[in-house]
Amino acid sequence: MWYVSTRGTAPRVHFEGALFAGYAPDGGLFTPEELPRLGKQTLRLSALSYPSLVTELCALLIAELIPRDDLHAAFSRFRHSDVVLCPAEERAEVLELWHGVTYASKDLSLCCTAHFLQDFLEKRGTHVTVVVGTSGDTGSAAIESVQGAKNVDIIVLLPQGHCTKIQELQMTTVLEENVLEGNSDELDQPIKAVFADEAFVRKHNLVSLNSINWARVLVQMAHHFFAYFQCAPSLDGHLLPPVEVVVPTRAAGNLAAGCIAQKMGLPIRLVAAVNSNDIIHRAIQGGDFSLSETLQPTLASAMDIQVPYNMERIFWLLSGSDSQMTRALMEQFERTRGVSLPEELQSKLSAAMTSESVGDEAITQTMARCWEENRYLLCPHSAVAVSYHYQQPSSPARCCLAPTSAAKFPEAVLAAGLTPGPPEDILALERKETHCTPMQNSDDWVWMLQDTIEDMGRRRGVTS
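By convention here, each chain's residues receive numbers from 1 onward along its written sequence. In keeping with the model being predicted, local features are shown solely for residues with a pLDDT of at least 70 and side-chain atom pairs are shown and tallied solely at 80 or more, while totals for entire chains, interfaces and linings include all residues. Water and hydrogen atoms were dropped before computing side-chain values, which therefore reflect all heavy atoms in the structure.

As a further point, take the overall build of the protein. Put simply, DSSP H or I for four residues or longer makes a helix, DSSP E for two residues or longer makes a strand, and each gets a number counted from the N terminus. Helix and strand content of the protein: 19 helices and 14 strands. The reference for a compact globule is 2.2 Å times residues^0.38; the radius of gyration itself is calculated from the C-alpha atoms. In terms of overall size, the protein behaves like a compact globule, its C-alpha atoms giving a radius of gyration of 21 Å where 464 residues would be expected to give roughly 23 Å. Each of the three principal axes of the protein carries a C-alpha extent, and together these read 60 × 50 × 45 Å. The rule is simple: take the accessible area with a 1.4 Å probe, protein chains only, and divide by the maximum for that residue type; under 20% is buried, over 50% is exposed, in between is partly exposed. Residues classed as buried in the protein amount to 61% of the 464 residues present. Any two residues whose heavy atoms approach within 4.5 Å at even a single point are treated as in contact. Once local pairs closer than 6 in sequence are excluded, the contacts in the protein between residues at least 24 apart make up 72%.

What follows is the structure, encoded as structure tokens:
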């Protein structure tokens, strides 16, 4: 299985190369050159547990041998043996993806990605430094995924003022000098600049665990297959029935995973549910892929981003692997902060998925309604998905993905007029010491990140 850059000028690589590369050398994102078509053989996956489903999907798209028992072991720290749960809800299935250590769906993809890294690092006998920018959940999940790994260091760039207190504590109570703090969207800029310096990347063996990393998108494909098998009304007919999957959407990694699942033959209709930071909604509805003047802080804070970089993978997939078009589109976006999608691409995008933008008032109303009707407590991100469900009650089978536990968002729970009940391990964070290095607007963020990486290298004996 080969992986190619969405921008078409980087050499193709196997899975190992895509895993360690993050961005491709030409600035694009690695994506499978070809996708298997499953058809009716999809049914053989329907009885699998979530870990087994991940394993089977990985086997389809990874040429290198990944020990299957090791991949199952990646889920050993999850709070429930089923890993993901689909509790009964009166009119919609809600797929809980948050039963990992940090109460977020990021635990699912990152625990596997870290396992892939460890497997290859042990074979190589080498060390890597992971660099992660986070809008709230990725940072803590990435930290937990590499805990205790002797051949991995990690640096997290944390969005100042854009996380809940619990999200921030999950990061700053674990690391010492490895957390840098600045604005969420702006954090992508120093990361991309550092990864663009190929000599620096090679010297320090830098790896990104953001959803630019193909391995994370690969694992997220299992969310869609598992949701489909849980919610499809029947699998006995000649044709597989459609299921609508509502995806609370941030950087569009999970949305890209769903798009790939569609291309492989899974009959799902995607819904990109976003908060008031609505670049994806505007792109789907009218082809307007441009930044807003300002980032809007919302109760669904982990979705407060303006640059959903995995849309590049979606554009490439829907354009028929047109790297030249994708490169021109994304380079124009990077120069001008906005593009109008070509009419044919926008038509294919709106055919593959629909979208909804949900404001804070609708989020709290949805949380309150779900509690009143079902005694089920949604996090604000899950409420973005369920809000769409309440607005569109007539549909085929539907599954709303729930990416985080409400326990991480007591502020939103209170805003909905409800009572938060965080578990003891979250309450204990308040009693721990915190460490964080602030990044002021006047600072050179690229230099600060490079200096932090260099300092970690010096501690390991890496010379200039």
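When the centres of two rings from Phe, Tyr and Trp lie within 6.5 Å, Trp using its six-membered ring, the rings pair. Their planes under 30 degrees apart give stacked, over 60 give edge-to-face, and anything left gives tilted. Counted by the stated rule, this structure contains 12 aromatic pairs. Between tyrosine 50 and phenylalanine 75 the ring centres are 5.9 Å apart and the planes differ by 85°, which places this aromatic pair in the edge-to-face class. In this pair, tyrosine 50 is assigned in helix α2 (residues 50–61) and phenylalanine 75 in the loop between α3 (68–73) and β3 (93–96), connecting sequence segments 25 residues apart. Taking relative accessible area as the criterion, tyrosine 50 reaches 1% and is therefore assigned buried. Following the ring pairs from residue to residue traces out a cluster consisting of Tyr3, Phe15, Phe20, Phe116, Phe120 and Trp214. Criterion for a charge above a ring: Arg CZ or Lys NZ at most 6 Å from the ring centre, at most 35 degrees from the ring normal. Here the basic side chain of arginine 12 rests over the ring of tryptophan 2, its NZ or CZ set 4.0 Å away from the ring centre.

Salt bridges are defined as contacts in which a side-chain nitrogen from Lys or Arg sits within 4 Å of a carboxyl oxygen from Asp or Glu. Throughout the structure, instances matching the rule amount to 21 salt bridges. Between glutamate 244 and arginine 398 there is a salt bridge; the shortest N-O distance is 2.7 Å. On the criterion of sequence distance, the pair formed by glutamate 244 in strand β8 (residues 243–248) and arginine 398 in strand β13 (residues 397–402) is long-range, its members being 154 residues apart. Like arginine 398, glutamate 244 is buried. Note that glutamate 344 and lysine 348 form a salt bridge whose closest N and O atoms lie 3.4 Å from each other. Here lysine 348 and glutamate 344 lie together in helix α14 (residues 343–352), a separation of 4 residues that amounts to about one turn. Its relative accessible area of 56% is what places glutamate 344 among the exposed residues. Connected via shared salt-bridge partners are Arg7, Lys192, Glu312 and Glu334.

Moving on: the state of the cysteines. The term disulfide is used for any two cysteine sulfur atoms that are within 2.5 Å. Scanning the model with the defined rule gives 0 disulfides in all. With no disulfide of its own, cysteine 370 lies closest to cysteine 400 among cysteine sulfurs, the gap being 9.2 Å. The exposure class assigned to cysteine 370 is buried, which follows from its relative accessible area of 1%.

Next up on the list: empty space enclosed by the protein. Only protein atoms enter the 1 Å grid used here, on which a cavity is any set of points holding a 1.4 Å probe that cannot leave and a pocket is any open set flanked by protein within 12 Å on both sides along at least five of seven lines; residues with an atom within 4 Å of a point are listed as lining. Grid points are joined across faces, edges and corners, and a volume is the space filled by probe spheres set on the points. Evaluated as defined, the whole model comprises 4 cavities of 30 Å³ or more. Volume-wise, the largest cavity comes out at about 350 Å³. In this structure, the largest cavity is lined by 28 residues; those nearest its centre are Lys106, Ser135, Ser211, Arg250 and Ala251. Secondary structure elements with two or more residues in the lining of the largest cavity: α7 (184–196), α9 (214–231), β8 and α10 (253–263). When residues of the lining of the largest cavity are assigned to their parent elements, the largest contribution, 4 residues, is made by α7.

Take helix α15 (residues 360–374) next. Counted at 1.5 Å a residue, the expected span for α15 with its 15 residues is 21 Å, and the 21 Å between its end C-alpha atoms agrees. Within α15 the residues assigned to the buried category are Ile363, Thr364, Thr366, Met367 and Cys370. All buried residues of α15 fall inside an arc of 160° around its axis, so they share one side. More than 90 degrees from the buried face of α15, the exposed residues found are Glu361 and Glu372. Given the number of residues in a helix, its expected span is that number minus one, multiplied by 1.5 Å. Directions pointing from the helix axis toward each C-beta atom define the arc.

So, on to helix α4 (residues 106–124). An ideal rise of 1.5 Å per residue puts 27 Å on 19 residues; α4 measures up with 26 Å between its terminal C-alpha atoms. Glycine 125 sits one or two positions beyond α4 and adopts a positive phi of about 70°.

By secondary structure assignment, the location of glycine 125 is in the loop between α4 and β4 (128–133). Sequence-wise, glycine 125 and asparagine 151 are 26 residues apart; in three dimensions their C-alpha atoms are separated by 8.5 Å.

Our next topic: the sheet that holds β3. On the basis of which strands lie adjacent, the open sheet formed by 5 strands has the order β3-β13-β8-β9-β12 and parallel pairing. The sheet terminates laterally at β3 and β12 (353–357), the two strands that pair on one side only. Taking each pair of neighbouring strands and ignoring which way they run, the sheet shows an average axis angle of 25°. At least two bridges found by DSSP between two strands are what make those strands a pair. Note: β8 against β13, 4 bridges, orientation parallel. In the strand pairing of β13, valine 246 is matched with cysteine 400. Here, axes are lines fitted to C-alpha atoms. For helices the fit covers the stretch in contact, and angles between N-to-C directions go from 0 to 180 degrees. Against the sheet, helix α16 (residues 380–391) contacts β3, β8, β9 (268–274), β12 and β13, and its axis sits at roughly 160° relative to β13.

Glancing now at the packing of α4 against helix α5 (residues 138–145). Relative to each other, α4 and α5 sit at 35°, their axes nearing to 9 Å. Pair α4 / α5 crosses with right-handed handedness. Between α4 and α5, the contacting residues are Lys106, Asp107, Leu110, Cys111 and Ala114 on the first element and Thr138, Ala141, Ala142 and Ser145 on the second. The sense of a crossing depends on the near helix, which, turned anticlockwise from the far helix by less than a right angle, makes the crossing left-handed and, turned clockwise, makes it right-handed.

Further remarks concern the packing of α10 against helix α12 (residues 311–318). Between α10 and α12, whose axes approach to 8 Å, the crossing angle comes to 20°. The orientation of α10 relative to α12 falls into the category roughly parallel. With respect to the hand of their crossing, α10 and α12 are arranged in left-handed fashion. Where α10 abuts α12, its residues Leu255, Ala256, Cys259, Ile260 and Lys263 lie against Met311, Arg313, Ile314, Leu317 and Leu318. Residues are grouped as follows: nonpolar covers Ala, Val, Leu, Ile, Met, Phe, Trp, Tyr, Cys and Pro; charged covers Asp, Glu, Lys and Arg; every other residue, Gly included, is treated as polar. Looking at side-chain class alone, the contact of α10 with α12 contains 8 nonpolar, no polar and 2 charged residues. The cut-offs work like this: below 35 degrees is roughly parallel, past 145 is roughly antiparallel, 65 to 115 is roughly perpendicular, and the gaps in between are oblique.

Attention now moves to the pairing of β9. The element β9 is extensively covered by neighbouring structure, given that 6 of its 7 residues are classed as buried. Handedness of the β-α-β unit built from β8, α10 and β9 comes out right-handed. Sheet analysis places β9 next to β12, joined by 5 bridges and oriented parallel. The partner of valine 274 across the bridge, within β12, is serine 357. Whether a crossover is right-handed comes down to one check: with the strands pointing away from the viewer, does the path from the first strand over the helix to the second run clockwise; if it does, it is right-handed.

The values are spatial; any link to function lies outside them.
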